[in-house]
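Residue strings, one per chain:
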Amino acid sequence: MAAQRSREGYFGDASASTPSNKGGAPRIVLGDAYGRPRRGETSLGRLGLDEAAVERGLRGCAGRYADRVVIVTGAARGIGEGCARVFFEAGAAVVLVDRDEKGGAALAAELNGQDWSLDEASGRAKFVKADVSVAAELQAAVAATVATFGRVDCVVNNAGWHPPHKPIDDFSVDDVQDLLQLNFVSAFALCKFALPHLRASKGCIVNMSSLVGHFGQAKACTYAATKGALTAFTKALAIDEAPNGVRVNSVSPGNIWTPLWKAGADADADPAAARAAGDRAQVMGRMGTILEAGRLCLCIAADMTFTTGVDHILSGGAEIGYAMRA
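Procedures and definitions
Residues numbered from 1 in each chain as written. Predicted model: local features only at pLDDT ≥ 70, side-chain atom pairs only at ≥ 80, totals over all residues. Heavy atoms only, no water. pLDDT = per-residue confidence, 0-100. Helix = DSSP H or I, 4+ residues; strand = E, 2+ residues; numbered from the N terminus. Contact = heavy atoms within 4.5 Å. Pairing = 2+ DSSP bridges. Axes fitted to C-alpha atoms, helices over the stretch in contact; angles between N-to-C directions. Salt bridge = Lys/Arg side-chain N within 4 Å of Asp/Glu carboxyl O. Buried < 20%, exposed > 50% of the residue type's maximum accessible area, 1.4 Å probe, protein only.

### Some remarks on the confidence of the model for the chain
Thinking step 1. Residue-level pLDDT values for the chain average 88, and 85% of them are 70 or greater.
Thinking step 2. When pLDDT is averaged over each helix and strand of the chain, the minimum, 40, is found for helix 1 (residues 2–6) and the maximum, 99, for strand 4 (residues 154–157).
Thinking step 3. Considering only residues more than four positions removed or in separate chains, one finds that residues 1–28, a stretch of pLDDT under 50, has 36 contacts.
Thinking step 4. Note that pLDDT drops below 50 for residues 38–42; the model gives that stretch 17 contacts with residues more than four away or on any other chain.

See below:
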């Protein structure tokens, strides 16, 4: 029974509980409030990407992934939104998976409105509400994709969360298990459910890892661990799926200017200084954009056809050169 229920996010009961789960009642790993964006989350425009910047960010993408079908998780904002916009511009049908119904549906409607050759019912962007921490909802999202578009060519496992920074003493065992469910197990589950369709289409998977999965991060041991697991999983799955014609790669962003990053900066006593510090972390002197992240995912899917098991670092040079450590 427990094995069956684990597929839907079942955590356990008192017989196998940690001290912080003394109640003994089975529970879904992530509650409704878990991993919600920090205060101050903003729209694409508020990130400083005006219409001209978006046009520049999408330039050259048209037609590069036409007539393909892509699933993007966490697609309502941030890097997921960047991926959705880029793949849509490239001619793909894009399934936006997110639990933010308002934001996801609005983005799908906006994208479909840009394609005047289609009516609303036949739009290439489709929103599917799903909490990625619940495996059954991911399975339903794959089924909805196939029912609507008939195939799956690419999966971008982007959904995840970075908890507030704190030392290991302030994380519970349940905290790390919850984050592992959200940041890693969800990607495992979606890969598993989508692979029968990806094998048929000779498609690909892009898992959104993180630079800190390689190099660590202060007061973020749980987050770094989940991303390290995702990178290792990507390489192992690439070996298994190569005979099936499915490529599996990951992307490890550094500082990308997302709504979550902006919210963190806005919460600082000096938001401008916080952003400036983020910009200085890269030798390029700026943070990346969500469209740049999306373009790398498109490149992996559309152009890097002899690339599998590779972690593509998207960092602006944050990891190179000596730095002051103490």
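### Section: the sheet that holds strand 6 (residues 247–253)
Thinking step 1. Reading across from one edge, 3-2-1-4-5-6-7 is the order of the seven strands in this open sheet, with parallel pairing throughout. Two strands in the sheet have a free side with no partner beyond their single neighbour: strand 3 (125–129) and strand 7 (311–314). The sheet shows a mean angle of 20 degrees between the axes of neighbouring strands, taken without regard to direction.
Thinking step 2. In the sheet, strand 4 pairs with strand 5 (residues 204–208) via four bridges, with the strands oriented parallel. In the strand pairing of strand 5, cysteine 154 is matched with cysteine 204.
Thinking step 3. Lying over the sheet, helix 5 (residues 135–149) contacts strand 1 (69–73), strand 2 (93–98) and strand 3, oriented at roughly 155 degrees with respect to strand 3.
Thinking step 4. Helix-sheet contacts for helix 11 (residues 290–302) involve strand 4, strand 5, strand 6 and strand 7, and the interaxial angle to strand 6 is about 160 degrees.

### Describing the pattern of salt bridges
Thinking step 1. In total, this model carries 11 salt bridges according to the counting rule given.
Thinking step 2. Residue arginine 85 pairs with glutamate 81 through a salt bridge whose shortest N-O separation is 2.9 Å. Of this pair, arginine 85 and glutamate 81 both sit in helix 3 (residues 78–89), separated by four residues, roughly a single helical turn. By the burial criterion, arginine 85 is buried, and glutamate 81 matches it.
Thinking step 3. In this structure, the salt-bridge partner of arginine 85 is glutamate 110, at a minimum N-O distance of 3.0 Å. Taken together, the residues span a long stretch of sequence, with arginine 85 in helix 3 and glutamate 110 in helix 4 (residues 101–113) at a distance of 25 residues.
Thinking step 4. Judged by relative accessible area, which is 37%, glutamate 110 ranks as partly exposed.
Thinking step 5. Among the charged side chains, a network of salt bridges with common partners joins Glu81, Arg85 and Glu110.

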